[in-house]
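The primary structure of each chain is shown beneath.
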Amino acid sequence: MEKYIKFIALCVSCLVMSVSLYAQEVSEAQSRVVNAYNQPVQGATVVTNDGNHQSITAQDGTFNMTFDESSQYVVVSAAGYQNVRIPISQIADGREIALAFDPHNMGGSINFGYQSYTKESVTGAVSSVSGSVLDKSPTNVLSETYAGRLPGLTTISNIAELTFFGYVNLSKAIRGHSSVNGNDPLIIIDGVIAPTQYLEFISPKEIESVSVLKDASATAAYGIQGAAGVIVITTKRGFTGKLNVEGYADYSFQQMTRRPLFVNSAQYAELRNEAGERDGLGTYSQFSQEEIDLFRSGSDIGYPNNNWFDDYVKDFVMRQRVGVNVSGGTDRFRYYSNLSFLNQEEPFIITDEPNRKYDPTPRVNMGNFRTNMDVKFNKYLSGYMRLTGNIKREKLAGATMGWNVYSQIFNQPPTMFGPLSPIFENDPELSNQVVTVDGLDNPVYGTLNRSGYNNVVETNVIAQTGLKLDMGFLLQGLSASGGMAYQTYVRNETTTTQSYQRLLRGNDFSTLDNFTTYKTFENTPLAYGKSSVFFYYLNLLGRIDYNRRFGDHSIDASVHTYYLKQEKEATGTSNTVLPYKRQNFGFSALYGYKDRYFLKADLGYSGSEQFHPDNRYALTPAISGAWIASKEDFLQSDVLTLLKLRASYGVTASDQLGGARFLYLDNIRSNGSELERGNPALEAERIEKLNVGINLGLLNMFTLEADYFTHKVDNMLINSSASLPIYQGIPLNYYPKLNDGVMENKGFELSLGFDKHFTKDFSVFAQANFMQAKNKVININEASAGDDFAYPYRTQGFSLGQLWGYRIDYSNGNGMFNTADELANSGLTYAFGSPRLGDFIYQDLNGDDVINEEDLAPMGYAGLPQQEYSLVGGFTWKNWDMSFLLHGVGKTSQFLEGTGAYENLGRGIFNDIHLNAWTPERYASGETISYPALSLSPSVNHRANDYFLSSRSYLRLRNVEVAYTLPQHISQKIRSEAVRVSLNVQNLFTIDNMKSKYVDPEIGSMSTFQPYRVFNIGLSANF
């Protein structure tokens, strides 16, 4: 670690000292950029054709431009405007530059990681969004800002805990899944592969843009790492111009979108009695009527009514963030720096115990930093340095993660006394001790207040440095660059633990003298321990670029290579502790003619140590083209203002093997045992991708974008046990793997937009997006389960992740055994229990009168949504601006199970679905029945079936922002160029069809944190 820090410090010193070495013949000019209403355009970028000189417009639209003899023209671009190419001579004359509005989103550029292309020249399928748009979402996790903003990219929330900043918070997929083995997109940061999930700390404030590369033409150059698509993050850089300082501060109120139901003690007792009665234990098997009445009245301390969720989880938590951005520079040295601090409260309520010697209150503080520097040493040599990272300090109550504490809340019934035992004058050892129930070793009060705490310090550092040589002295437009990137993650943890005494209360609620010790737990002093985790990623890369215009012709070509070494977070003796190594050679060339015809070729040649040396490298070619027909003279029209046709076809590849490694080797242990057999013929999976698309613009205000895509893999890594003859003495799970699997993924994307500036003070925009991606596993060498099974295949022929369960026979109306005769005459036997009155009637799909796994049927959809849609819109009026984002998913399912679904778990935790369960009385009176007969123990109902099948489709108002920018004459009083006040609301409301209204569809479970609704007030000022 120390040697890398010294290397980075040396690079920074060289960059700074070398500025004085820069000298060449240059000229200067000043001009002004305005829009169609002659209003100044602030923040427009002005870049010479060779990229050697850059500037940015000031508040009044002016900029100072430096150029040399190799500069022919400048490209001026700004968000919301079309690009314009201006000859240097016009800049030198000081002419104003007028930018046209961009209603069809053809202005600006898209970063492909290895190269940037103008949006007009893009031949494939790409979506992008600016960091300023992502910053509208007040969240701690970068990927949470993507939802609904980047068509084609689906994010699935796994953990909604506020202080767990994004290591496994979200799963991401680009255009669905195309393989059974690995579908994680590749992440690129500033042109460098970042093969790690420890980058969610990056703030949208630091980001210039995020691009999603979806088809083969955009990803083939990445070889074996491009099959699942690529997410390209481009951070902000400095520009030539005066010092610009932005200070900002946010204050957020956070509230769960769904606060779980906790029934009161009387209702709990009645439901437990009802479950006991259905089990044949009698009417009052759990609680007497007198006890129920005392629970309801609350007049006796011995009959408690505890809402443990309210006792331990706050209604609101707070988040504060402050930060500053600094940018500017000269033609020789440009810089951008960001520094921010975040304080995030934990939702847990801690009790202030007077005799406790430590404070277990959980808290999180995090600091982010970034510095991007660009320097020109001389006319030909330039360099860059990127240094970013974060330091997170966290205290964990109970020396455990928050979700563990959260889930334990639902194991404590409301009738449990506590959280502490009463004061017994005659028995101080049983006084004021933590109360629990049988089977619950870690009651929440004890975990939070008497188990110690963890102090965690996490450090992420990503460093990138490199040099670029302008080789115009050999060939104009030619350049070579090289660099290295290093990321390290360190986690140091100080653990303090202690045990505490637990007490059980007897079943007699009329007395408080029936507490006994639980197991052998005792009160102990704090014990200290330390642990640490360290790993790193190393990239070495080189690139040659050629960018040139010849009149009507343009060429943008790039050849790159990189070497990647990963040390993952792993311990022990498994093969995951060994470094991961990859090497890639990529080539891309884009030819343009008259800025309307574009042809692009891409080629990747990459290798991975996952495979035998004879099959280590894979070739991934792609070809694509585009035609902007609306630029043709014969299609000039005020109605048809854009017509662009696109098509691409190519091959991408993947070495993601479902977590397995070195499958070409036999697994022979030192003790002589022979395990898995290797297959030296294994090779990377190849996925063929086709994309055809159209961009259609009407009346300079309406835009339609449509894409159709197909993905197919015919050498997918699968098991061989179903197709190979039995090896002598080799178990089935030790058979070698094969490249024989076949899977396809098809779909389309649609986008309809509206953008119109009605006056200089009023504009409106809106865009609706829709995507559908449906996959099918065609061949996975799945052995048939046999003719006795209603569905002999469980994967082959279905979508990846297809759900399976028992179908309920609703032919009698409610799908339950309602009478003794109905139960006796059914002729059905259940292999997993004996059905009772009020239990589900399952369909006997194979006709053998036995309900077992042979009757399982496909149900619903997979967990990954097949459909995703969004509607984004807003307006600007004078100094006001407003925007909103509606986002939803469709055709996605899961089984509601576990706590909150199965009423027998956790001493019986009841949800809204249990309140009208089947009883003979409800059935006889024709009342609404929402659940089968309750039970105190596992019943035949507690199975995956179409009652518990829940649609996770939803429509959510993901974000709303209303902002006001102070008039200049007011902001100038504090010497500020602009002061902006904003109100952001995240996850304001959700429309869904979940079985329980207390379970959020994104998470799909009651026993883990639900997503948060956030109200945020923000203030920013530029100086």
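Residues numbered from 1 in each chain as written. Predicted model: local features only at pLDDT ≥ 70, side-chain atom pairs only at ≥ 80, totals over all residues. Heavy atoms only, no water.

Draft legend 1. Structural view of the pairing of strand β36 (residues 762–779). Pairing geometry for strand β35 (residues 737–757) and β36, over 16 bridges, is antiparallel. Bridge assignment links K756 to a residue of β36, and that residue is V764. The loop that links β35 with its antiparallel partner β36 comprises four residues. Taken together, the 11 bridges between β36 and strand β41 (residues 867–877) define a ladder with antiparallel strand orientation. Bridging from a neighbouring strand, F762 pairs with W877 of β41. (Pairing = 2+ DSSP bridges. Helix = DSSP H or I, 4+ residues; strand = E, 2+ residues; numbered from the N terminus.)

Draft legend 2. Layout of helix α5 (residues 265–278). In this model α5 runs 20 Å from its N-terminal to its C-terminal C-alpha over 14 residues, within 8% of the 20 Å that 1.5 Å per residue would give. Where burial is concerned, most of α5 is hidden: 11 out of the 14 residues are buried. Every buried residue of α5 is accounted for by S265, A266, Y268, A269, L271, R272, N273, E274, A275, G276 and R278. Its buried side turned inward, α5 meets α6 (289–297) and α11 (920–925). Capping of α5 at its N-terminal end is provided by N264; its side-chain oxygen lies 3.2 Å from the backbone amide nitrogen of A266. At the C-terminal side of α5, G280 shows a positive phi close to 85°. (Expected span 1.5 Å × (residues − 1). Buried < 20%, exposed > 50% of the residue type's maximum accessible area, 1.4 Å probe, protein only. Contact = heavy atoms within 4.5 Å. Polar contact = N/O pair within 3.5 Å; in protein donor to acceptor, adjacent residues only side chain to side chain.)

Draft legend 3. Geometry of a positive patch on the surface. Together, K712, K746, K774 and K776 make up a positively charged patch on the protein surface. Here K746 lies in strand β35. (Patch = residues over 30% accessible without salt bridge, like charges linked within 9 Å, V, L, I, M, F, W, Y side chains within 5 Å. Areas by Shrake-Rupley, 256 points an atom, 1.4 Å probe, with all protein chains shown as cover. Salt bridge = Lys/Arg side-chain N within 4 Å of Asp/Glu carboxyl O. Lys, Arg positive; Asp, Glu negative; His and termini not counted. Charge placed at Lys NZ, Arg CZ, Asp CG, Glu CD.)

Draft legend 4. Highlighting the confidence of the model for the chain. Across the chain, pLDDT averages 90, with 94% of residues at or above 70. Below pLDDT 50 for its whole length, residues 1–25 participates in 39 contacts with residues either more than four positions away or in separate chains. (pLDDT = per-residue confidence, 0-100.)

Draft legend 5. Quick peek at the sheet that holds strand β10 (residues 126–130). Taken together, five strands build an open sheet; the order of strands is β10-β15-β16-β13-β14 and the sheet is mixed. In the strand order of this sheet, the two ends are held by β10 and β14 (192–193), each with one partner. In the sheet, strand β13 (residues 186–189) pairs with strand β16 (residues 230–235) via four bridges, with the strands oriented parallel. The partner of I188 across the bridge, within β16, is V232.

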